[in-house]
Amino acid sequence: MEAVPMTTPDLTSAGTASRAGGREGLLRGARIGAAAAVTVMVLLLDLISYSQLIFAGPLAESRAAGLSGLLAAYVLGSLVFIALRRTARISLSFIGAAAIVQAAIAAGVAGQLEAAGVTDPETVGQLVLVACGVSTFATGLVFALLGTLRASLLVQLLPYPVLAGFLGGVGLLFLRSGVQIGGHVDDPLAALLRTVDPAALDPGRIDAGALARIALTLGIGFCAFYLPRIVRHWGTYPTVILSSLAVVHLGLAWTGTSVAAGQAAGWLIEPLPAGSLLRPPAIGSLMAFDPHLLLPIWPKIATLVVVAVIIQILYVVSVELEIRRDLDIDRMFVASGATNMVGSLFGSSAMGFGRTSTLLLHNIGGGHWLGWWLTLAVMAALLIVGASPLALLPRPLAGGALIAIGIGLLFNLNLACRTLPGWEIAIALVVCAATAFFGATTGFLVGVLLAILIFGVQYGQIGAIRRSLSGAERRSSVIRGPDAAARLQEAGGRTRIYTLQGYLFFLNAQAIYRRAGAEAGDLRVLILDFRETVGLDSSALIAFRKVGQLAEQRGFDVLLVHLDPAARLQIARNGLTADPHIRIRDTLDEALREAEATLLVEAGGAGPGEVAVFARHMADRLGSTFGPDDFAPYLTVRDLTAGATLMRQGEAADALYFLEQGVVSIEMEVPGRGNLRLRTTTAGTVIGEIALVQGGRRTATAIAESPCRVVGIDRAGLARMERERPDLALTFQRFLMLELAGKVSDTNRLLEAEML
Ligand SMILES: Nc1ncnc2c1ncn2[C@@H]1O[C@@H]2COP(=O)(O)O[C@H]2[C@H]1O
């Protein structure tokens, strides 16, 4: 019974007690004994309730065999669990929500056997136990795998509304089963819900006794859930159990009903066989088990595994909070996995870390190891000596225990609904209803589908385009003369750069196409920067194909940059690059350079062949009236072939150059990474001014990218100009200042773009 809240442990006082004298020692011993007794009581109640739940209806005759399997699995499983868990004293218990799914598995197999004409209760019971064992084994295997791969936290990816709704639905199933077991009636709620077949509802079966039992069951369930929350003491829950036990037995005695009559009337659970509960393990019937029986129930087995995993994580996390200790969740999964594999031999229901029993042993017994061993010893004794006294357990108490779990789960759903936004509440309620009406498997599938949908919708809202800039705002690293720069400023808007982000798929990729369509007016180059994306799927490729078609219609180019190798391969395989309008470029700068070159040529520029004669350039920039003849005595003209080095980083400087024609790349030598291109500079710009002005060494290497013409002035020439033509020298100094200022502001523009 996992839904009952416990009070916070008083571990410190228990710890000091051990160091104090005999009286404290005695007190402590009593607390440990009480802890074990209460824990055994809770575990037995679980055991009886779950065996009633799984071996219901036509399987009732196999209930004793089921109980024996559960008990044996618990005892042996606990030993394995104790051996493998290391972090804290954790108690094993059956997973309630898993028992609900396992009940459906048992019913499924029983139905198939009945259809196949297998009616012998003994055989049916054994085969159902094997099916339970197989599903528990599958749970164990997944537990062990998750724990070994340390992947258990992955399961937390399930959205909270889906989880809360699903558990709420399981809660409703618990309520239904609780009423069914406690009242000893054929599922009255299910019959009510099955209104399509009113004949299934047989009011004649609900007699006054049944109504009284249902009322008592609900009462016990409510008390077992609410009283420990109101009176936060470890003794509250055991008191509820003992009082219920007393009420039913006093009632029976008062009305003069014998135990046998009480059992026959449905007030007490049916007699359990006297003597030892030890039996050959269910695995013995494996050979007689037709594996085809598993085919129709595999979705239920899958649901069981997922439900068990989720419940385990929820319990571990909540107990970690309560006992303020870190429980190694992956190790717990490995231990529970091995436990379930052992339990599966006995046809057990899925087991795992027990929230309530662990907290009881901590809160009452101070977390002493003896509490665990005492609990285990009593359970083993019941298995060996016999559990017939358990038949004295009133049905309303077993049912009430299930009701308390159900209320707990619904309570959590209610809490969740108070904090969730409206649409998440709607999702939780849909999953809850699907689980309650169509069973845990369907409910879970609905939940997973909704989870995918929620994720898709929420992720889609993030938007694929993080930023959209124009080519006027985001320029390449090419330094251009004033004319070309001005032309680009005007035409730059015809380039658009979209910085894409995240994962591109059907819900967000279409936005790229739509935006391109809206901005296609006079678009000339569209650059899609993939640097911040993490991947794309085939639906995103469809969107890019449509962008390619748009590019063809409206006459623009699409450049894809910063694609990682996987995306590059995906795009090539998809044949996207066969489209002449879509091209891949390595870097954004490369694409920007290409876009700027296209725009400049189309705006009437001469492209790389552009010429900027020095004297004319000075006149344009400074309004000077000096002609070529004024400068000629101080300048030397040099022609460079493509690939020639104009200056090398680290060299002593003796001259600066004005680039009249061609393209020069400015590169920096980075140790271990070779030459990295800093900038590209074109006609009408100055190179080599830094070292000459500072009197130091070259800060970068300059290499001609195309045939170039430069005019140079060396240090001696400058000194001579200052002496002979101070007016010319002054203009030249102003020109240099302008160039340096231009480079700084240009570098700032690049830096700003990087910082965005
Ligand atoms: N970040 C830069 N931006 C523009 N030009 C540069 C940059 N770094 C170096 N240069 C040019 O490359 C030249 C290398 O020699 P100098 O250091 O004399 O002068 C340098 C500048 O003209």
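Because the structure is a prediction, the values reported are computed rather than measured.

What counts as what
Residues numbered from 1 in each chain as written. Predicted model: local features only at pLDDT ≥ 70, side-chain atom pairs only at ≥ 80, totals over all residues. Heavy atoms only, no water. Helix = DSSP H or I, 4+ residues; strand = E, 2+ residues; numbered from the N terminus. Buried < 20%, exposed > 50% of the residue type's maximum accessible area, 1.4 Å probe, protein only. Contact = heavy atoms within 4.5 Å. Areas by Shrake-Rupley, 256 points an atom, 1.4 Å probe, with all protein chains shown as cover. Expected span 1.5 Å × (residues − 1). Arc of directions from axis to C-beta. Pairing = 2+ DSSP bridges. Axes fitted to C-alpha atoms, helices over the stretch in contact; angles between N-to-C directions. Phe/Tyr/Trp six-rings, centres within 6.5 Å; stacked < 30°, edge-to-face > 60°. Core = buried A, V, L, I, M, F, W, Y, C linked by side-chain atoms within 4.5 Å. Near = heavy atom within 4 Å. Polar contact = N/O pair within 3.5 Å; in protein donor to acceptor, adjacent residues only side chain to side chain. Nonpolar A, V, L, I, M, F, W, Y, C, P; charged D, E, K, R; others polar. Patch = residues over 30% accessible without salt bridge, like charges linked within 9 Å, V, L, I, M, F, W, Y side chains within 5 Å. Salt bridge = Lys/Arg side-chain N within 4 Å of Asp/Glu carboxyl O. Parallel < 35°, antiparallel > 145°, perpendicular 65-115°, else oblique. Left-handed = near helix turned anticlockwise from the far one by under 90°.

The next subject is the overall build of the protein chain. The helix and strand tally for the protein chain stands at 27 helices and 16 strands. When burial is assessed residue by residue, the protein chain has 52% of its 756 residues classed as buried. Here the analysis covers contacts within the protein chain between residues at least 6 apart in sequence; of these, 82% occur between residues at least 24 apart. Total accessible area on the protein chain stands at roughly 32,900 Å², and carbon and sulfur atoms take up 63% of it.

Next up on the list: helix α19 (residues 506-519). Taking 1.5 Å per residue as the helical rise, α19 with its 14 residues ought to reach 20 Å, and the 21 Å between its terminal C-alpha atoms agrees with that figure. Where α19 is concerned, the buried positions are Asn508, Ala509, Ile512 and Ala516. Along α19, the residues classed as buried sweep out an arc of 110° about the axis, all on the same side. Exposed residues pointing more than 90 degrees away from the buried face of α19 are listed as Phe506, Arg514 and Ala518. Buried residues belonging to α19 abut α17 (440-462), β3 (465-470), β5 (495-504), β6 (525-536) and α20 (538-554).

Glancing now at helix α15 (residues 395-419). If you check α15, its first and last C-alpha atoms are 37 Å apart, about what 25 residues at 1.5 Å a residue would give, namely 36 Å. With 18 of 25 residues buried, α15 is to be regarded as a mostly interior element.

Okay, the environment of Leu268 next. For Leu268, the location among the structural elements is in the loop between α10 (259-265) and α11 (298-323). Put simply, Leu268 and His184 are 84 residues apart on the chain and 9.4 Å apart in space, counted from C-alpha to C-alpha.

With that settled, the discussion passes to the sheet that holds β6. Here five strands make up an open sheet; going across it, the order is β3-β5-β6-β7-β8 and the pairing mixed. Looking along the sheet, the strands with just one partner apiece sit at the ends: β3 and β8 (582-585). Direction aside, the axes of adjacent strands within the sheet are offset by 20° on average. The sheet contacts of α19 involve β3, β5 and β6, and relative to β5 the element is tilted by about 170°.

Inspection of the entire model under this criterion finds 17 aromatic pairs. Between the aromatic rings of Phe614 and Phe732, the centroid separation amounts to 6.2 Å while the plane-to-plane angle is 65°, which identifies the pairing as edge-to-face. Here Phe614, found in helix α23 (residues 614-622), pairs with Phe732, found in helix α27 (residues 726-755); they are 118 residues apart in sequence, far enough to count as distant. Accessibility classification places Phe614 together with Phe732 in one group, the buried group.

A word on the nonpolar core. Counting residues in hydrophobic clusters, the biggest one holds 124 residues, and the most contacted among them are Leu47, Leu53, Val128, Phe166, Phe353 and Met379. With residues up to four places along the chain from it excluded, the contact list for Phe166 reads Val307, Val431, Thr435, Ala440, Gly443 and Phe444. The next biggest cluster of nonpolar side chains, apart from the first, holds 30 residues, and it includes Tyr498, Ala516, Leu523 and Ala567.

What follows is about the site of the ligand. Close to the ligand lie 14 residues; Gly688, Glu689, Ala691, Arg698 and Thr699 are nearest. Between an oxygen atom of the ligand and a main-chain N or O atom of Ala691, the distance comes to 2.9 Å. In this structure, an oxygen atom belonging to the ligand sits 3.0 Å away from a side-chain N or O atom of Lys743. For the ligand, whose accessible area on its own is 450 Å², the fraction buried by protein is 91%. Element by element, the count of residues in the shell around the ligand is highest for helix α25 (residues 689-694), at three residues. Its residues assigned to classes, the shell around the ligand comprises eight nonpolar, two polar and four charged.

Moving on to the sheet that holds strand β10 (residues 645-647). An order of β4-β13-β12-β15-β10 is seen for the five strands of this open sheet, with the pairing classed as mixed. The open sheet has two edge strands with one neighbour each: β4 (478-479) and β10. The pairing of strand β12 (residues 664-670) with strand β15 (residues 701-704) spans four bridges and is classified as antiparallel. When the bridges of β15 are listed, Val664 appears paired with Ala704. Against the sheet, α27 contacts β4 and β13 (674-681), and its axis sits at roughly 115° relative to β13.

What follows concerns a nonpolar patch on the surface. Together, Leu76, Leu79, Trp369, Leu370, Trp373 and Leu374 make up an exposed nonpolar region whose accessible area comes to about 530 Å². Listed by contribution, the elements that provide at least two residues to the nonpolar patch are α3 (63-84) and α14 (369-385). The element that contributes the greatest number of residues to the nonpolar patch is α14, accounting for four residues. Since its relative accessible area comes to 44%, Trp369 is described here as partly exposed.

We now examine the environment of Leu158. Relative to the helices and strands, Leu158 is located in the loop between α5 (121-148) and α6 (160-183). Between the C-alpha atoms of Leu158 and Phe455, which are 297 residues apart in sequence, the distance is 9.8 Å. The residues touching Leu158, leaving out its near neighbours within four places in the chain, are Leu163, Ile310, Phe444 and Ala451.

Let's shift gears to the packing of helix α4 (residues 96-115) against α6. Where α4 meets α6, the axes come as close as 10 Å, and the angle between the chain directions of the two elements is 70°. By the angle between their directions, the pair α4 and α6 is classed as roughly perpendicular. Seen from above, α4 lies across α6 with left-handed handedness. On α6, the residues touching Gly96, Ala97 and Ile100 of α4 are Val170, Leu173, Phe174 and Ser177. Along the lines of polarity and charge, the residues of the contact of α4 with α6 split into five nonpolar, two polar and no charged.

A word on the pattern of salt bridges. Following the criterion strictly, the structure yields 24 salt bridges and no others. The shortest N-O distance in the salt bridge between Arg725 and Asp630 comes to 3.2 Å. Linking Arg725 in the loop between α26 (715-724) and α27 with Asp630 in helix α24 (residues 628-631), this pair joins segments that are 95 residues apart in sequence. Here Asp630 falls in the partly exposed class, since its relative accessible area comes to 23%. Via salt bridges that share partners, Arg494, Arg524, Asp557, Arg583, Arg585, Glu594 and Glu602 belong to a single interconnected network.

Relative to the assigned elements, Asp746 resides in helix α27. Looking at Asp746, the relative accessible area reads 13%, which means it is buried. Sequence separation between Asp746 and Val478 is 268 residues, and the spatial gap between their C-alpha atoms is 9.7 Å. A distance of 2.7 Å separates a polar atom in the side chain of Asp746 from a polar atom in the side chain of Arg749.

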